[in-house]
Structure formats: C-alpha cells, structure tokens
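Inside the fold
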Amino acid sequence: MAEHRSSKLLAIDDDAQSLGLVKDALAHSGVEILTANDPTAGLEMLRRSRPQIVLLDLLMPGVRGLELLETIVAADPGTDVILLAAHHSTESAVEAIQKGATDYLDKPLNVETLRSRVAQLFSDAAVRRKTHQLEHELLDACQFEGIVGRSPLMLEVFAKTRRIAPHFRTVVVAGATGTGKELVARALHRLSPVASGPFVVCNCSAIVETLVESELFGYVRGAFTGASQDKIGVFEYANHGSVFLDEIGELPLAAQAKLLRVLQDHVIQRVGSPAPRPVDVRVIAATNRNLRSMVSKGKFREDLYYRLTMVNVLLPSLTDRREDIPLLQRHFLEKFAAEFKKPIVGLTRRAQTRMAVYSWPGNVRELENVIGNACMMADGPVIDIGDLAEPLRGKTADTVAQEENMLSLRESQMRHVMAVLQRVGGNKLQAAEILGISRTKIYQILAETKAGEHNFTPVTD
C-alpha cells in the first residue's frame, strides 16, 4: 500500500480503543488516518478532507448507523464506506449494502482482515482512476467528425461515411430517434467537396403543409397575399452546399413530386415565378420511418424513394452498441462538467450499473439528456443514482427483465406454467394442452410450489 501515500481514511467510532487499533493497524501503510469520536465531527471532517474510505461504527449512542451511512453516501457518493459492528445479522448487512456500504466487518476488528480490505479498496480506487484516464485517452481516439463510438457497428458507419462523402449527390440516413442522424449528415457535408458551402437544415415535419413549397423553393413578390418581397427557399440558400431534409417521410406527396424534379433537373422554381433557377445542391435525407413500407402503402413516391436511396446509411440503436455507453458517458460528462463549471469526474459504480442495464428508448439523445441533468443535480465530484433522471432511479422494467433472464431453467419453466394457468382461469386441462404436458405434470408443479420448494412470484398480465 506504499503507493497510496496521499490516500486518506476516516474512522468514525465512539470507542477510543477501536480508533487506536485502526491507527496502529494502518500506521505503516502510507495512508493518512483521520479519526472522529462522534458523528458530527466525522461528517465535518468528511466534507473537509474527502477521504477515499470511511470506517463507520454502526452502533453509537443516539445515532442510527444506517441513517448516518446514507448521509455520508449522499455527501460524497464516491466514498467507500465500511461498516463496523459487534453484532449484526445478514439482513442488516444486506440493507447496509443496498444503502451504499461497500463492506461490513465484525468487531473486535481482525487486524489482518482490516489491512487486507483497506488495501483492496485503495487498489480498486487506483484502478478506477487509471480507467478514467484511459477512457479519456480512448475518447480522443474513438471520435469521428464529432461522433463517438468504437463498436463494430459504428466503425462501419464511420467507414461508409468516409467512403461516400466525396461522391454522393443524394443519401438517406436512417435510424431511430436520437441515434445521431444529423451528426452523420454534418460529417458527410464536412468531408464532401462542397464543405466550404452552406449546410442548411430543414425539418420537414415542422413545416405547415400549405407552406412547404415556398419554404423549400422560395417565392416572388405578389405570389400570394402577404408576399411583399422576394424570398429565397432552402434549396436556393444551400446552393453549392448541402441540404439536410430531416424527417423526409413527413413530406406531403405534392411536395415530394416537386422535390423529385429538383433532384432530376437541378433547377427550382420560386412560387409565383415561371423562371427556372439552377441549383447545385447535395441532398441528405433522414428518417426514422420505413420508407419502403411507406411506398407500398402509397404514402411515399416510389420514384423519389429510388432517387434518394442511391446510398443508405443505417444508424444502430444504443442497445445494439452497448459497448459504446461508457465512452458516451465520459464524452457527455466532460462536456457538461465544463459547461456547468462543475468538478465532476465520474459516476459511482452503482450509477454505472443502473445505466448499463437501462434500455435507452431515446438512444444517444436520451443518454445525453440524462448526463446533462445529472451534472446539474450533482453536488459533489461524482454522479450517483439519486442524481439520475426518474426512469433510472427505481427498479425499472429493464432491470426486472434482466433479473428474469437470470432465472434457472426450472424457475423459468414454473413461472411460465403459472402464467398460462392464470390466462386460462385455472383450467388445468386447458393449460396442459397449451403447454404440451400432462395434467398430472401440472398437479406435480403446483404441489412443489405449495411445498415451498421454489420461491417465486407468479407472473401477472
């Protein structure tokens, strides 16, 4: 433990003999030992010194140890708390771990056990610091035009973007909401021969249907009531650059026909003017919808579909690239910590675990919002579960699903049998037919359940 000379450990205990034992046991460990014989002084020392480890006596006069534990974890979620108690039960140990304790030691303390646990915790902390440093270095190496990723799916997106950027005239970027379609569109523009030209964004779903044509192609003075002067449209404004048509699937059919002409002839006509105006524009269309399915339903023009989809870039959902989550966390944490001017350096292990099992229906955009909100909420240098958005705090459907997936085969079978029985109103003959087993087997399973051989909660619909 000699390498941890700047490390700090705080012992809070009303027993002077116990404090003396801690000092003696760790005297030559290279750890700075701080002690407090009452909770108030201990909390003040915790806030002032920020120790890596706290040894906390669970049973002190006038103090509930678990409440004090929660106060310590709330004050500094990055602290490892070891509870000390002369008498404890398995239930109290489990409760302590759930409330944020790292470990639980019996009193009187065993010197070798104490040294071993403390050494291991400082070693783990050193590994975490090294991991944070490596994540920062990896983050620099795993960015492509501002897009973060190192998963095989994202590396393929990067490679495809790099290959097509110098040549494309039209391209469709597809993917669920929040996967980063605009980031890819901007990367395509920056790597294209028209990078010095304008990049114009048009959200097709946000334009009133009666104004689509004038927004895209502009109008001349007097074209309609209120047209007091000429106005250029999106395509004319983006001449010698790129147009990003977001949510292209929301474009009305009438406007789709006019867009097709622009793509074919490279000319536009302002509303109210017969004069064609040549434009040289690269078009990047984005959608979270299935355009081919829309074509079959008559909601999207087939000729426009084939004109646009000469090249497709498909972005994966965040659940399909979970290996990128730690990098994205680090990226957004550094971004928002700098933006909010907060000394936030990371997330607690339990916060990371909670985020790792979450399904992220909003994809990268949702992850960005969660980290941004957590950086605003966090008081200390570390983000904890309490700083996360509501869907991630409690036991979500995602964590329940994770637990369901970890059941034994026998347990899973029994849950399924009980679910089928509930669906058929307890009719064992009908359940047996659905399950493909005998009614005798149904009775056998029910008997085992009543006997308590398997502890489970029946699935409900």
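First things first, this report covers the structure right here in the doc. These numbers come from a predicted model, not from an experiment. (Residues numbered from 1 in each chain as written. Predicted model: local features only at pLDDT ≥ 70, side-chain atom pairs only at ≥ 80, totals over all residues. Heavy atoms only, no water.)

1. Observations concerning the packing of helix 1 (residues 16-25) against helix 5 (residues 111-141)
Here is the rule we go by: Fitted lines through C-alpha atoms give the axes, limited to the stretch in contact for helices. The angle between two N-to-C directions lies from 0 to 180 degrees. Note on conventions: DSSP H or I runs of at least 4 residues are helices, E runs of at least 2 residues are strands, and numbering of each starts at the N terminus. For any helix crossing, the convention is left-handed if the near helix is rotated counterclockwise from the far helix by under a right angle, and right-handed if that rotation is clockwise. In this analysis, two residues are considered to be in contact whenever any of their non-hydrogen atoms come within 4.5 Å of each other. Residue classes follow a fixed rule: Ala, Val, Leu, Ile, Met, Phe, Trp, Tyr, Cys and Pro count as nonpolar, while Asp, Glu, Lys and Arg count as charged, and any other residue, Gly among them, counts as polar.
Their axes nearest at 10 Å, the elements helix 1 and helix 5 cross at an angle of 65°. The way helix 1 lies across helix 5 gives a crossing that is right-handed. Contacts from Leu-21, Val-22, Asp-24 and Ala-25 of helix 1 reach helix 5 at Val-111, Leu-114 and Arg-115. Class assignment of the residues belonging to the contact of helix 1 with helix 5 gives a composition of five nonpolar, no polar and two charged.

2. Quick notes on unusual backbone geometry
Note the cis peptide between Lys-107 and Pro-108, where omega equals 5°. Mapped onto the elements, Pro-108 comes out in the loop between strand 7 (103-106) and helix 5. For Asn-363, which is not glycine, the phi dihedral falls at a positive 60°.

3. Section: the side chain of Ser-29
What counts is decided by this rule: A simple rule labels every residue: compare its accessible area, found with a 1.4 Å probe on the protein chains alone, to the largest value its type can have, and call it buried under 20%, exposed over 50%, or partly exposed in between. Polar contact criterion, stated in full: a pair of N or O atoms within 3.5 Å, where within protein one must be able to donate a hydrogen and the other to accept it, and residues adjacent in sequence count only if both atoms are side-chain atoms.
As for its placement among the helices and strands, Ser-29 is situated in the loop between helix 1 and strand 2 (32-36). The class of Ser-29 is buried, set by a relative accessible area of 9%. Looking at Ser-29, its side chain comes within polar contact range of the main-chain oxygen of Leu-26, at 2.7 Å.

4. Section: helix 5
Threshold: A helix is expected to span 1.5 Å multiplied by its residue count minus one.
With 31 residues, helix 5 ought to run about 45 Å at 1.5 Å a step, and its terminal C-alpha atoms sit 45 Å apart, in line with that. A side-chain oxygen of the first residue of helix 5 lies 3.1 Å from the backbone nitrogen of Glu-112; this N-cap is Asn-110.

5. Comments concerning the sheet that holds strand 6 (residues 80-85)
Selection criterion: At least two DSSP bridges between two strands are needed for those strands to be called paired.
Taken together, the five strands give an open sheet; going across it, the order is 2-1-3-6-7, and neighbouring strands pair in parallel fashion. Unpaired on one side and paired on the other, strand 2 and strand 7 mark the two borders of the sheet. With strand direction ignored, the average angle separating the axes of adjacent strands in the sheet is 20°. Direction of pairing for strand 1 (residues 8-12) relative to strand 3 (residues 53-57): parallel, over a ladder of four bridges. If you follow Leu-9 over to strand 3, its bridge partner there is Ile-53. With respect to the sheet, helix 2 (residues 39-49) is in contact with strand 1, strand 2 and strand 3, its orientation differing from that of strand 1 by roughly 165°.

6. A closer look at the sheet that holds strand 11 (residues 199-203)
Read across the open sheet, the five strands follow the order 11-12-15-10-16; overall the sheet is parallel. With partners counted over all chains shown, the strands left at the sheet margins are strand 11 and strand 16 (312-314), one partner each. Across the sheet, the axes of successive neighbouring strands diverge by a mean angle of 20°, strand direction being ignored. By the bridge criterion, five bridges tie strand 11 to strand 12 (residues 241-246) in an arrangement that is parallel. Looking at strand 12, one finds that Val-200 is bridged to Val-243.

7. Looking at the side chain of Asp-246
Spelled out, the test is: Under the counting rule used here, the positive set is Lys and Arg, the negative set is Asp and Glu, and His together with the chain ends is not counted. Any Lys or Arg side-chain nitrogen found within 4 Å of a carboxyl oxygen on Asp or Glu counts as a salt bridge.
Considering the arrangement of structural elements, one finds Asp-246 in strand 12. An unpaired buried charge is present at Asp-246: no salt bridge exists, and Lys-181, the closest side chain of opposite charge, is 5.6 Å distant. The contacts of Asp-246, once residues within four sequence positions are left out, are Cys-202, Asn-203, Cys-204, Ser-205 and Ala-286.

8. A short note on the pattern of salt bridges
Taken as a whole and assessed by the stated rule, the structure comprises 23 salt bridges. The shortest N-O distance in the salt bridge between Asp-80 and Arg-349 comes to 2.8 Å. With Asp-80 in strand 6 and Arg-349 in helix 14 (residues 349-357), this pair connects stretches of sequence that are 269 residues apart. Asp-265 is the salt-bridge partner of Arg-261, the closest N and O atoms lying 3.5 Å from each other. Placement of both Arg-261 and Asp-265 in helix 10 (residues 253-265) is noted, with a separation of four residues, approximately one turn of the helix. According to the relative accessible area criterion, Asp-265 is partly exposed, its value standing at 42%. Taken together, the shared-partner salt bridges in this structure form one network comprising Asp-230, Glu-236, Arg-270 and Arg-277.

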